[in-house]
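Examining the three-dimensional arrangement
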Amino acid sequence: MSRFAHRCPPRGTLAVVSFTILAAACSDTTPPPVAPRFDATTEQIGTAAAPVRAPKGRIAFARGGEIFIMNADGSGEVQVTTGASADYPALSPSGRQIAFTSYLNGPGDIYVVNTDGSGLTRLTSTTAYEDMPSWSPNGKQIAFASDRDGDWEIYVMNASGSGVVPITSDPAFDFEPAWSPDGRRIAFTSERAGGNRDIWVMNADGSNPMRLTTSVYGDALAAWSPDGSRIAFTTERDGNAEIYVMNADGSAQTNLTMNAGSDWAPSWSPDRRQQKIAFQSSRGGGDYEIFLMDADGSGQTPLTSNSLDDAYPKWGK
Ligand SMILES: [Ca+2]
Ligand SMILES: [Ca+2]
Ligand SMILES: [Ca+2]
Ligand SMILES: [Ca+2]
């Protein structure tokens, strides 16, 4: 049992994953992987008969209590942190920084690090949890969740860590903020409708909260499409976790993954022309890998292959 379990309910099943990651961090002495030298031939994947444009950008993710980053085709993997007890990365809009949660000082705090591993900076320092960072699209602010008032609220701070302001105030748990691409709205997970988790959306100042999912099962981990028209999310409504997508008003909720494993934590390509989604999946049994698929659910392909949990992909420039 995790020593945090009694205070850390928001991630549900994934709380177990997080603990597994932390436990692995203590025993894994494998040296960090060396980034392969750039090879122009990796710019395209697929067969000669049907070449496919390689996905653009980079994907940050968590593995074994550390933050990693790789190209969006799975190449060029680099370990960013060492000994960070890290989870839940968020790649900044510039692609130069990663905000994440660290358990180095007990309950989670928000840290930020440059993608080359330099400039590690602690942004929050409380005895409560701070977790689940999400950058504003202009890179000037970071939304996050904290249980500092006892029931998890969403807060916004400057990217320097100053000026922390709560934007929810409700007795239910509110967590997993996701800032919309136009900066005007924040999607989040809340248990305020009868205690089960649903995707909600509010203005970025916290006004006008609206419930988007009504399933009695858990709905969580919202992720905006780059044009803001759709939201992908994780739901357990079909008996095991799947990635669903819906219009940003909550209509047309559609299962994209449809398999017996756990499919979690979607993140869209920031390139509007790509319409691809990264996510984590435990299909095949065992640990999680990072997968990629087209936004209609086709072409589901693993990007990682190892025995640790690869979790919380965040796709950026
Ligand atoms: Ca609350
Ligand atoms: Ca629900
Ligand atoms: Ca599934
Ligand atoms: Ca793995």
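It should be emphasised that the depicted structure is a prediction, and the values quoted were computed from it without experimental measurement. (Residues numbered from 1 in each chain as written. Chains lettered and ligands numbered in written order. Predicted model: local features only at pLDDT ≥ 70, side-chain atom pairs only at ≥ 80, totals over all residues.)

Some remarks on the environment of serine 190
This is how it is decided: Strands are runs of DSSP state E lasting at least two residues, helices are runs of H or I lasting at least four, and both sets are numbered from the N terminus onward. Contact between residues is assigned whenever the C-beta positions, reconstructed from backbone atoms, fall within 7 Å.
Tracing the backbone through its elements, the reader meets serine 190 in strand β15 (residues 185-190). A sequence separation of 21 residues divides serine 190 from arginine 211, and the C-alpha atoms of the two residues are 8.8 Å apart. With residues up to four places along the chain from it excluded, the contact list for serine 190 reads Ala172, Phe173, Asp174, Asp198 and Trp200.

Describing the confidence of the model for the protein
We count it as follows: pLDDT is defined as a per-residue confidence score from the predictor, taking values between 0 and 100.
With 83% of its residues at a pLDDT of at least 70, the protein reaches an overall mean of 87. Low pLDDT, under 50, characterises residues 1-9; the predicted model gives this stretch 10 contacts beyond four residues in sequence or across chains. Predicted confidence for residues 12-48 stays below pLDDT 50, and this span has 50 contacts to residues more than four positions away or in other chains.

With respect to the pairing of strand β16 (residues 198-203)
Within a regular beta strand, the side chains point alternately toward one face of the sheet and then the other, so they alternate between its two faces. Quick note on the threshold: Here a residue counts as buried when 20 or more other C-beta atoms sit within 10 Å of its C-beta, as exposed when there are 12 or fewer, and as partly exposed otherwise, the C-beta atoms being derived from the backbone. Only when DSSP finds a minimum of two bridges between them are two strands counted as paired.
Counted residue by residue, β16 has 5 buried out of 6 residues, so it is predominantly covered. For β15 and β16, the ladder comprises 6 bridges, and the chain directions are antiparallel. Within β16, the position partnered with phenylalanine 188 by the bridge is tryptophan 200. Here β16 runs beside strand β17 (residues 210-211); their pairing, made up of 2 bridges, is antiparallel. By the bridge assignment, valine 201 is partnered in β17 with methionine 210. Here β16 folds back onto β17 in antiparallel fashion, the turn holding 6 residues, of which glycine 206 has a positive phi close to 95 degrees.

Focus: the sheet that holds strand β7 (residues 97-102)
With respect to topology, 4 strands assemble into an open sheet ordered β6-β7-β8-β9, the strand pairing being antiparallel. If you trace the sheet from one side to the other, it starts and ends with β6 (86-91) and β9 (121-122), each paired once. One ladder, built from 4 bridges, connects β6 with β7; its direction is antiparallel. Residue pairing in the sheet places alanine 90 in a bridge with alanine 99 of β7.

Some points on the environment of serine 225
Relative to the helices and strands, serine 225 resides in the loop between β18 (219-224) and β19 (230-235). Using a count of 22 C-beta atoms within 10 Å as the deciding quantity, one classes serine 225 as buried. Residues serine 225 and arginine 272, 47 residues apart in the sequence, show an inter-C-alpha distance of 8.0 Å. In this view, serine 225 contacts Arg230 and Trp268; residues no more than four positions away in its chain are not counted.

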